[in-house]
Amino acid sequence: MPLLGLGVYDMYNSEAEQAVESALKIGYRLIDTASMYNNEREIGSALKNSALKRTDIFVTTKLNNSDHGYDQALKAFDESLQKLQLDYIDLYLIHWPIKAGRKESWKALEKLYADNRVRAIGVANYTVPFLEELKLYSNITPALNQIEFTPWLFQKDVLDYCKSDRIQLQSYSPLTRGIKFNDPRLLTLCTKYEKTPAQIILNWNIQLGVSTIPKSTKVERLQENFDALNFTLESDDVIFMNSFNEGFRICDDPIQFL
Ligand SMILES: NC(=O)c1ccc[n+]([C@@H]2O[C@H](COP(=O)([O-])OP(=O)(O)OC[C@H]3O[C@@H](n4cnc5c(N)ncnc54)[C@H](OP(=O)(O)O)[C@@H]3O)[C@@H](O)[C@H]2O)c1
């Protein structure tokens, strides 16, 4: 799985299609969508229009909160597959750990994996208590956990847990949707490395071994974000950025589902 991909939340119609087509031209090979984003059809069209081989592209989609439960999850997977016009998904995730149904949904994902309909299964928004609970009934360890993770929400406990259990961590809303781009500590690093705030933050993820899926609909920003792979932050600067943590969140805290 590529470490850097394109997140497609909040893109619709031709904008979504064009963003994916531009991203694939630039070199992105990982596309992160979800049933909840209401754009699987557009993503499917963009993938179909691409000259790339199916095996060169890594597609993630997610089980919606309203589709939890064993039978519902299997049905929802079929619908996503159909909208994406694919015959398999690379990675299927539980989007949020909704209390009613998350166990049965995981069993459905294990079935999809056993039936070779999906290459890997995983979770999103699973903090340590959710991962511990999952361990009690899972036969397959999730391949990946996608959480909100930035220097300002440095969830070291989840990072350490995932590393020790060989679960790939992936960060969502990695750019804080731009809200923290003026943090003076970040700007000193931008000056030092002659890189943009987005590039410094994305490279911080890469140096930590965390996969990341920034969203943009703009070609210049897609390129800028992709170029974050082309340099290396010094380890002291990575540690410095870990210290920015202040519990700052863009999305909901999954703790509400415990
Ligand atoms: N599992 C979950 O529960 C969950 C939750 C949230 C998000 N996600 C996933 O994570 C992906 C990314 O998160 P996100 O969309 O919330 O936020 P994000 O990637 O942190 O930020 C996206 C915002 O930043 C702007 N932007 C992108 N690159 C930029 C750059 N280089 N310079 C300045 N601004 C830039 C984008 O605007 P433009 O488009 O105008 O460039 C957009 O408004 C989502 O698309 C989705 O796939 C998952």
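Further up the page is the structure itself.
Bear in mind the structure is a predicted one, so any value in this text is a computation, not a measurement.

(A) The arrangement of the site of the ligand in detail. Close to the ligand lie 28 residues, the nearest being D32, Q146, S173, S216 and K218. At 2.8 Å, a backbone N or O of L175 approaches an oxygen atom of the ligand. One nitrogen or oxygen atom from the main chain of T217 is found 3.0 Å from an oxygen atom belonging to the ligand. Residues belonging to the shell around the ligand are distributed by class as follows: 13 nonpolar, nine polar and six charged.

(B) Broad picture of the packing of helix α7 (residues 184–193) against helix α8 (residues 197–207). For the pair α7 and α8, interaxial distance at closest approach is 9 Å and the crossing angle is 95 degrees. Classified by the interaxial angle, the pair formed by α7 and α8 is roughly perpendicular. Seen from α7, the contacting residues are L186, L187, L189, C190 and Y193; seen from α8, they are P197, I200 and I201. Tallied by class, the residues present in the contact of α7 with α8 amount to eight nonpolar, no polar and no charged.

(C) Spotlight on unusual backbone geometry. Even without glycine at this site, N13 takes up a positive phi of about 50 degrees. Looking at where N13 falls in the secondary structure, it is placed in helix α1 (residues 13–26). Owing to a relative accessible area of 51%, N13 belongs among the exposed residues under this scheme. Positive phi outside glycine occurs at R166, with the angle close to 55 degrees. Mapped onto the fold, R166 is located in the loop between α6 (156–164) and β7 (168–172). Residue R166 is classed as exposed on the basis of its relative accessible area, which comes to 76%.

(D) Summary view of the nonpolar core. One finds L6, V20, L47, F149 and I200 to be the most contacted residues of the largest nonpolar core, which totals 85 residues. Sequence-distant contacts of L47, that is, excluding residues within four places in its chain, are made with V20, L24, I31, I57, V59 and L86.

(E) Spatial organisation of the environment of F77. The residue F77 is located in helix α3 (residues 70–84) in this model. By relative accessible area, F77 is classed as buried at 0%. Between the C-alpha atom of F77 and that of T61, which follows or precedes it by 16 residues, the distance is 8.9 Å. Sequence-distant contacts of F77, defined by excluding residues within four places in its chain, comprise I89, Y92, L112, R117 and V118.

Reading guide: rules and limits
Residues numbered from 1 in each chain as written. Predicted model: local features only at pLDDT ≥ 70, side-chain atom pairs only at ≥ 80, totals over all residues. Heavy atoms only, no water. Near = heavy atom within 4 Å. Polar contact = N/O pair within 3.5 Å; in protein donor to acceptor, adjacent residues only side chain to side chain. Nonpolar A, V, L, I, M, F, W, Y, C, P; charged D, E, K, R; others polar. Axes fitted to C-alpha atoms, helices over the stretch in contact; angles between N-to-C directions. Helix = DSSP H or I, 4+ residues; strand = E, 2+ residues; numbered from the N terminus. Parallel < 35°, antiparallel > 145°, perpendicular 65-115°, else oblique. Contact = heavy atoms within 4.5 Å. Buried < 20%, exposed > 50% of the residue type's maximum accessible area, 1.4 Å probe, protein only. Core = buried A, V, L, I, M, F, W, Y, C linked by side-chain atoms within 4.5 Å.

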